[in-house]
Amino acid sequence: MSDAARKFVVGILLFLAAGTVVGWLYDRPVVGLMVAALLGLLWQVRQLLSFDRALRTGNFDDFRQGDGIWEQIFSRFQYENEKATRRKLGYRQLLREVRKSTNAMPDGAVILNSDNEIIASNRAAKQLAGIKRKKDRGQRVDNILRDPELTRLLHADDQSLTIEMVSPIDDGSWLNCRLVPYGGDQKLLLLRDVTERIRLSKMRRDFVANASHELRSPLTVIAGYLDSLADDDDMPADWSKPVAQMQAQAQRMRHILGEMLELSRLESAGTANADDAIDVSRLLEDARSAFEGHADVARILIDADPGAQLKGSAAEIETVIVNLLSNAIRFTPTDGEITLIWRADADGADLIVVDTGEGIDAEHIPRLTERFFRVDKGRARDKGGTGLGLAIVKHVLARYDAELSIDSEPDKGSEFRCHFPADRVVVTPPGSVS
Ligand code: ADP
């Protein structure tokens, strides 16, 4: 107990004792005690009321001058009050600094709660996407940024996912969006202006597409003259070999230009249509028939589930099969074996091309889908490769949210696996297939 508290208790006891003694002098000690207790209570009530007034008005002069327990209560109160005020000012200053720095950020930042409602946003979020700090607080972010891609991002359980969308306030601007979960169930939506990158990549795509397109016409003319020359009986005999070689190269150039145009088309196309169900096992049979008759082709086996169908474009899936199968044929000796597999399970479906060919060194595998990448440029070219086949496969698969994985071992063989998500697959129960 503090000194003041001790004094307070002793003071009250003495006061009550004095009251009792005075009452006793008048032969009424109990009445004396009661009167003293009442007076003491009234005095404390008065102190309490004036303390309450002081709290409300902020004028503590009466207490500042007093002493005893009330003065001590006031001092403690004032000390705590000043400490809280200092802390509040500190927090306010910190908040101001945080707001200043987030406002200085070139990227938009929007804090969302678990229902995707906006808690706070910075200045860049307003400049990039029109999200207003005060007006839009409490609104669902997908009501302001209406884009199916953003909805996909908000519901995805994948932190590494980023999406690109057109800005709602400027249809010439592109935003890259990503979601970072933090602090309990809040999320930070980060918006970055990627207009310049998108513009450059569109320029590159258009350039490749236009250049390929423009080169086609002169090439057709050259190839036409070469064909006429080759058919001309008057052509000197020693010209026939160079002309045949020129014809072969013209054909090769036509093939490369065709693949470059196909790649440009795939790059600018969105998600593949899912209206048609494709009979993949039939496509595998057709591809085998197309290649089987040729010399220098290894044995081709098929292990396909006819009950599983894929939602998409038959022409695109045929492109994937033909590219993977023609690679397997080119890199597998005739006494080897190639197996085409198509099967579905609860996770989706796999289209797999396995060969017992020459295989690929592990160091090259990550680069195989790059344009014009070939493990052995000279040899692959001699075998008729353009180096674009796997890039096309990768781009087709991206349109199906499918993934390509490659497993290979030198001199043992390779496995190219395309995994399609379950929502792309239709499985017909056995017995109901016509
Ligand atoms: P290309 O037209 O040269 O075949 P691709 O993009 O289809 O171009 O393939 C790139 C390279 O990957 C090929 O040049 C080859 O080196 C390697 N490759 C692809 N498939 C196989 C395979 N089944 N076995 C061994 N190597 C392969």
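Check the entry above for the structure.
**Q** Sorry if this is basic, but what is going on with the nonpolar core here?
**A** What tends to happen in soluble globular proteins is that the nonpolar side chains get buried as a cluster. Within the largest apolar cluster, 45 residues are counted, with the highest numbers of intra-cluster contacts made by Ile338, Trp342, Leu351 and Phe420. When contributions to this core are tallied by element, the ones reaching two or more residues are helix H9 (240-268), helix H10 (280-292), strand E8 (308-311), helix H11 (314-330), strand E9 (337-345), strand E10 (348-355), helix H13 (389-398) and strand E12 (413-421). Ranked by residues supplied to this core, first place goes to H11 with 7 residues. A domain-level breakdown of this core finds at least three residues from each of domain 3 (198-268) and domain 4 (277-432).

**Q** For this particular structure, what's the right way to read the site of the ligand?
**A** Close contacts around the ligand come from 20 residues, with Asn327, Arg330, Asp355, Thr386 and Leu390 the closest. Within the backbone of Val375, an N or O atom sits 3.2 Å from an oxygen atom of the ligand. Going through the elements one at a time, H11, H13 and E12 are the ones with two or more residues in the shell around the ligand. Per-element tally for the shell around the ligand: the top contributor is H11, with 3 residues. When grouped by side-chain class, the residues that make up the shell around the ligand number 10 nonpolar, 7 polar and 3 charged.

**Q** Would you mind showing me how to read helix H7 (residues 148-155) here?
**A** Structurally, the α-helix is built with 3.6 residues per turn, so residues lying three or four positions apart point the same way. For H7, the set of buried residues is Leu150, Leu153 and Leu154. Viewed end-on, H7 has its buried residues packed into an arc of 100 degrees, placing them on one side of the element. Relative to its buried face, H7 has exposed residues pointing more than 90 degrees away, namely Pro148 and His155. For H7, the elements touching its buried residues are strand E1 (108-112), helix H6 (141-144), strand E3 (162-167), strand E4 (170-182) and strand E5 (186-193). Put simply, Asp147 is the residue that caps the front of H7, since its side-chain oxygen is 2.8 Å from the backbone nitrogen of Glu149.

**Q** Can you help me understand H9 in this one?
**A** Between its first and last C-alpha, H9 extends 42 Å over 29 residues, near the 42 Å set by a 1.5 Å rise per residue. Restricting attention to buried positions, one finds in H9 the residues Val243, Ala250, Arg252, Ile256, Leu257, Glu259, Leu261, Leu263, Ser264 and Leu266.

**Q** Just to check I follow, could you spell out the pairing of E9 for this structure?
**A** Regular strands place side chains that alternate from one sheet face to the opposite one. Examined bridge by bridge, strand E7 (residues 299-304) and E9 share 6 bridges and lie parallel to one another. Across the sheet, the residue bridging to Ala304 is Trp342, located in E9. Looking at chain direction, E9 and E10 are connected through 8 bridges and run antiparallel. Each bridged residue has a counterpart across the sheet, and for Ile341 the counterpart in E10 is Ile352. With antiparallel pairing between neighbouring strands as the criterion, E9 and E10 make up a hairpin whose turn holds 2 residues.

**Q** Quick question: what am I supposed to make of the packing of H10 against H11 here?
**A** Two numbers describe a pair of packed helices, the interaxial angle and the distance between the axes. Packing of H10 against H11 leaves a shortest axis separation of 10 Å and a crossing angle of 45 degrees. Taken together, the axis directions place H10 and H11 in an arrangement best described as oblique. Of the two possible hands of crossing, H10 and H11 adopt the one that is right-handed. Where H10 approaches H11, its residues Leu283, Leu284, Ala287, Arg288 and Phe291 are matched on the opposing element by Ala314, Ile317, Glu318, Ile321, Val322, Leu325, Ser326 and Ile329. Class assignment for the residues of the contact of H10 with H11 results in 10 nonpolar, 1 polar and 2 charged.

**Q** Please explain the sheet that holds strand E6 (residues 277-278) as it appears in this structure.
**A** What links the strands of a sheet is backbone hydrogen bonding, and the strands pair in either a parallel or an antiparallel sense. Strand order across the open sheet formed by 3 strands is E6-E8-E13, with antiparallel pairing between neighbours. For this open sheet the edge positions go to E6 and strand E13 (425-427), each flanked by a neighbour on one side alone. Pairing analysis gives 2 bridges linking E6 to E8, with the strands arranged antiparallel. Along E8, the bridge assignment pairs Ile278 with Leu310.

**Q** I keep staring at the packing of aromatic side chains and nothing clicks. Help me out?
**A** Think of a pair of aromatic rings as described by two things: how far the centres are apart, and how the planes are tilted against each other in angle. Going through the model one piece at a time under the given rule, you end up with 3 aromatic pairs. Summarising the aromatic geometry, the rings of Trp342 and Phe420 are spaced 6.3 Å apart at their centres and angled 75 degrees between planes, so their arrangement reads as edge-to-face. Of this pair, Trp342 sits in strand E9 while Phe420 is found in strand E12, placing the two residues 78 residues apart along the sequence. We note that Trp342, like Phe420, is buried.

**Q** Teacher, can you tell me more about the layout of surface pockets here?
**A** Taking a probe equal in size to a water molecule and rolling it over the atoms shows the remaining empty space. In this structure, the largest pocket occupies an estimated 1,500 Å³ of space. Taken together, 31 residues make up the lining of the largest pocket; nearest its centre are Glu149, Arg152, Glu267, Ala269 and Ala398. Elements supplying a minimum of two residues to the lining of the largest pocket: H7, E3, helix H8 (195-231), H9, H13, strand E11 (403-409) and E12. Top contributing element to the lining of the largest pocket by residue count: H8, with 6 residues. For the lining of the largest pocket, the per-class residue count stands at 11 nonpolar, 7 polar and 13 charged.

Cut-offs and rules
- Residues numbered from 1 in each chain as written.
- Predicted model: local features only at pLDDT ≥ 70, side-chain atom pairs only at ≥ 80, totals over all residues.
- Heavy atoms only, no water.
- Core = buried A, V, L, I, M, F, W, Y, C linked by side-chain atoms within 4.5 Å.
- Buried < 20%, exposed > 50% of the residue type's maximum accessible area, 1.4 Å probe, protein only.
- Helix = DSSP H or I, 4+ residues; strand = E, 2+ residues; numbered from the N terminus.
- Domains from an automatic or database assignment.
- Near = heavy atom within 4 Å.
- Polar contact = N/O pair within 3.5 Å; in protein donor to acceptor, adjacent residues only side chain to side chain.
- Nonpolar A, V, L, I, M, F, W, Y, C, P; charged D, E, K, R; others polar.
- Arc of directions from axis to C-beta.
- Contact = heavy atoms within 4.5 Å.
- Expected span 1.5 Å × (residues − 1).
- Pairing = 2+ DSSP bridges.
- Axes fitted to C-alpha atoms, helices over the stretch in contact; angles between N-to-C directions.
- Parallel < 35°, antiparallel > 145°, perpendicular 65-115°, else oblique.
- Left-handed = near helix turned anticlockwise from the far one by under 90°.
- Phe/Tyr/Trp six-rings, centres within 6.5 Å; stacked < 30°, edge-to-face > 60°.
- 1 Å grid on protein atoms, 1.4 Å probe; cavity = no way out; pocket = protein on both sides within 12 Å on 5 of 7 lines; lining within 4 Å.
- Points joined across faces, edges and corners; volume = space filled by probe spheres on them.

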